[in-house]
Amino acid sequence: MIYKTDAVVLRKNKISDSDVILTLFSRKLGKIRAVAKGGRKPKSKLSPASHIFVFGEFIISKGRNLDNISSAHIYESFYKIREDISKLAYASYFSELCDSVIVEGVTNNRLFDTLLKTLSLITNKVDNLELVKLGFQLKLLDYSGLRPQLTKCVSCGNTKFQRIRFDIHQGGLTCDDCFPNYSKNPIIINSTMVKLMQYIFKTDIITISKIKINSSILEKLNNVIDRYMGFHLEKKTFKSLEFLNTIKKI
Ligand SMILES: [Zn+2]
């Protein structure tokens, strides 16, 4: 059986001197792992498509164990991302995040579209990659059913707060009454941070990338969300995030 689908390459793994396995985020079928024969040979017809971030139409034949890519028509290679170490670090993290939440046979079109828009953003001019990172993380959480509770106390439903505490383990805001009974490690945040997260949930990633934001609020919120993701995603450590944090220090 042969099928075709639009997809983005999230990862490639070498299996021999000439072949690779591509992990694809497809529009029709969620995650697909398929062999690109000759993907490592410069003259092979599958070589141009065998790179991370490539977006195209893939024609794939069902195999007994792994599927095989027969051909690929590239819509956008996003090659500029691979030529800039900072852009590469952010985009690799977004790819790894997608790889950790999507599953075979299950579509996630909102995340698929957000990934494509984000790769386009990064390819062209973007002022604040940290803001794009925060936006992408929160949207990915939302589209994966892991959106934090930001409108009421996650334990009792109370909507009145004197101090706003965010509890990573409980998954959202925790009120004065519930703290410290139910909440072990709350982080004090402020209403600006809550409003920013709520704004991100209802706003397109392109619009998010253009907002002006205080850098210390962004840094603090990025830190909170990195920890939130580390706790709530099945995959606890992201090599690409470690790489990103390393190059940020340089
Ligand atoms: Zn409460």
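Scroll up to find the structure.
What comes next is a walk through the structure. Being a predicted model, the structure only gives us computed values, none of them experimental. Along each chain, residues carry numbers from 1 onward, in the same order as the chain's sequence is written. Only residues with pLDDT of at least 70 are given local features in this predicted model, and only at 80 or more are side-chain atom pairs given and counted; all residues enter the totals for whole chains, interfaces and linings. The basis for the side-chain values is all heavy atoms of the structure; hydrogens and waters are excluded.

### Considerations on the sheet that holds strand 8 (residues 186-189)
Paired through backbone hydrogen bonds, the strands of a sheet run either parallel or antiparallel to each other. Quick reminder of the rule: Strands were regarded as paired on the criterion that DSSP finds at least two bridges between them. By definition, any uninterrupted DSSP run of H or I lasting at least four residues is a helix, any uninterrupted run of E lasting at least two residues is a strand, and each is numbered from the N terminus. Orientation is described by lines fitted to C-alpha atoms, with helices fitted over the stretch in contact, and by angles between N-to-C directions that extend from 0 to 180 degrees. Contacts: residue pairs with any heavy atoms within 4.5 Å of one another.
An order of 7-6-8 is seen for the 3 strands of this open sheet, with the pairing classed as antiparallel. For this open sheet the edge positions go to strand 7 (172-174) and strand 8, each flanked by a neighbour on one side alone. Going from strand to strand, the sheet's axes swing by 45° on average, the running direction of each strand aside. Sheet contacts for helix 5 (residues 191-201): strand 6 (164-167), strand 7 and strand 8; angle to strand 8, the most-contacted strand, approximately 95°.

### A short note on the pattern of salt bridges
Pairing is possible between side chains of opposite charge, provided their charged atoms come close. Which entries qualify depends on this criterion: The salt bridge criterion pairs a side-chain nitrogen of Lys or Arg with a carboxyl oxygen of Asp or Glu, the two atoms within 4 Å. Summary of the burial criterion: residues with accessible area below 20% of their type's maximum are buried, those above 50% are exposed, and those between are partly exposed, where the area comes from a 1.4 Å probe applied to protein chains only.
Tallying each qualifying case throughout the model produces 11 salt bridges. Of the charged contacts in the structure, one is a salt bridge between Lys62 and Asp67, with a shortest N-O distance of 3.3 Å. Take Asp67: its relative accessible area is 7%, and that puts it in the buried class. Between Lys117 and Asp204 there is a salt bridge whose closest N-O contact spans 2.5 Å. Within this pair, whereas Lys117 is found in helix 3 (residues 109-123), its partner Asp204 is found in the loop between helix 5 and helix 6 (205-208), the two being separated by 87 residues in sequence. Judged by its relative accessible area of 30%, Asp204 is partly exposed.

### Considerations on the nonpolar core
In globular proteins that are soluble, nonpolar side chains generally tend to be buried together. What counts, and what does not: We call a set of buried residues a nonpolar core when its members are Ala, Val, Leu, Ile, Met, Phe, Trp, Tyr or Cys and they connect through side-chain atoms within 4.5 Å of each other. Where each domain starts and ends comes from a domain assignment, either automatic or drawn from a database.
Formed by 59 residues in total, the largest nonpolar core has its most connected members in Leu115 and Ile189. Per-element accounting of this core gives the leading share, 9 residues, to helix 4 (residues 129-143). Both domain 1 (2-77) and domain 2 (80-146 + 190-249) contribute no fewer than three residues apiece to this core. Non-local contacts of Leu115, meaning those with residues more than four positions away in its chain, are made with Val8, Leu10, Phe25, Phe94, Cys98 and Phe136. Counting 15 residues, the second largest nonpolar core, distinct from the first, contains Ala7, Leu22, Ala36 and Ala49.

Geometry only, nothing functional implied.
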